[in-house]
Amino acid sequence: MNINTPSRSTMRLTRRGRLALAGVGTVLAGTAVAVSLIGLLSGASKTATLLIPEGWRASQIYDAVDKALELKPGTTRKAAPHAGLKLSNDAEGNPEGYLFPATYPLRKGTTAESLLRMMVDTANERFNAAPVAAGAQRNALNVYQAVTIASIVQAEAGTKADMGKVARVVFNRLERGMPLQMDATLNYALNRHILRTSTDDTRIDSPYNSYQRMGLPPTPIGNPGEDAMRAVLSPPRGDWLYFVTVKPGDTRFTSDYIEHMRNVTEFNEQRTATAHPGTPSGSPHGTPAAQTSR
């Protein structure tokens, strides 16, 4: 898609015009926990369950359902458009963001369609509650936009404690007409989970390229949990525009680009010191990388 073509990907929350950006740091939270099939004993009966972790993408969930129900790979993905999912009109039939992370029972007769409906119904129950709608309105959002931002927060925040600040960075950038420049959106476009983003990556032609496009991506980039949604609805006050995780548990937020670059330098030093010999760029042996001006 041509990056100059108007589309849903150009949705903005700011009333201001474009503002040139000196540089930005981002942090990509790691996704991955394995699918968990748990046996729960209740008397003589045994009920299997499927655990969907916070932040998983629809593609991961489809694969997990296929495995849990012993279906041919790709079955759940093909079933999704015909499952009768009660999605927001803004979703345009795409369930990304509405496959709520939780533990779901796998009873006799459970199908891919029924599992997907259960996930979407759970999301609607959580997201359409009065406090969520009120919180979204308070931040000049509709619920779908709130879910989209929550999915970015879920992917970018290193810890639950950082979620509110990451949400505030997103709001601050949108309000200033700055591109989000979040690595997580590029990873979604490229269907990968890595910690480094190259200059070439930032040039890809995609509505999810938040380096090239203004505003929010056209859809959520994963399925956020309640903590991420809560962070979006009630973020702390702050003027932060940049952040980088220098080392695990040490994410630094700032509004000052020079200070941010000092943090990036420290991050690079930490990564060089801790990386194993021969570790390629983007390996999970390092902490998430900060993006700077190009």
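Keep in mind that what you see is a predicted model, and the values were worked out from it rather than measured.

Criteria and thresholds
- Residues numbered from 1 in each chain as written.
- Predicted model: local features only at pLDDT ≥ 70, side-chain atom pairs only at ≥ 80, totals over all residues.
- Heavy atoms only, no water.
- Helix = DSSP H or I, 4+ residues; strand = E, 2+ residues; numbered from the N terminus.
- Buried < 20%, exposed > 50% of the residue type's maximum accessible area, 1.4 Å probe, protein only.
- Contact = heavy atoms within 4.5 Å.
- Phe/Tyr/Trp six-rings, centres within 6.5 Å; stacked < 30°, edge-to-face > 60°.
- Expected span 1.5 Å × (residues − 1).

1. Re the overall build of the protein
Step number 1: Secondary structure assignment for the protein yields nine helices and five strands.
Step number 2: Of the regular secondary structure in the protein, the N- to C-terminal order runs β-β-α-α-β-α-α-α-α-α-α-β-β-α.
Step number 3: Here the protein holds 294 residues, and the buried ones make up 52% of them.
Step number 4: Here the contacts in the protein between residues at least 6 apart in sequence split such that 70% fall between residues at least 24 apart.

2. Things to note about the packing of aromatic side chains
Step number 1: In the structure shown here, the tally under the stated rule is seven aromatic pairs.
Step number 2: Between the aromatic rings of Y98 and Y144, the centroid separation amounts to 6.2 Å while the plane-to-plane angle is 15°, which identifies the pairing as stacked. Pair noted here: Y98 is in the loop between α2 (75-79) and β3 (103-106) and Y144 is in helix α5 (residues 143-156), with a separation of 46 residues, a long-range link.
Step number 3: Its relative accessible area of 3% is what places Y144 among the buried residues.
Step number 4: Ring centres of F243 and F253 lie 5.2 Å apart, and the angle between their planes is 25°; on these two criteria the pair is classed as stacked. Here F243, found in strand β4 (residues 242-247), pairs with F253, found in strand β5 (residues 250-254); they are ten residues apart in sequence, far enough to count as distant.
Step number 5: Through a chain of ring-to-ring contacts, three or more aromatic side chains come together here, namely Y98, F100, F127 and Y144.

3. Quick look at the environment of P235
Step number 1: Its location among the elements puts P235 in the loop between α8 (226-233) and β4.
Step number 2: Between the C-alpha atom of P235 and that of V166, which follows or precedes it by 69 residues, the distance is 8.5 Å.

4. Structural notes on helix α6 (residues 163-175)
Step number 1: Its 13 residues give α6 an end-to-end C-alpha distance of 18 Å, which sits within 8% of 18 Å, the value for a rise of 1.5 Å per residue.
Step number 2: The element α6 is extensively covered by neighbouring structure, given that eleven of its 13 residues are classed as buried.
Step number 3: Among the structural elements, α5, α8, β4 and β5 are those in contact with the buried residues of α6.
Step number 4: Just downstream of α6, G177 is the residue with a positive phi angle, here 70°.

Structural measurements only, silent on function.
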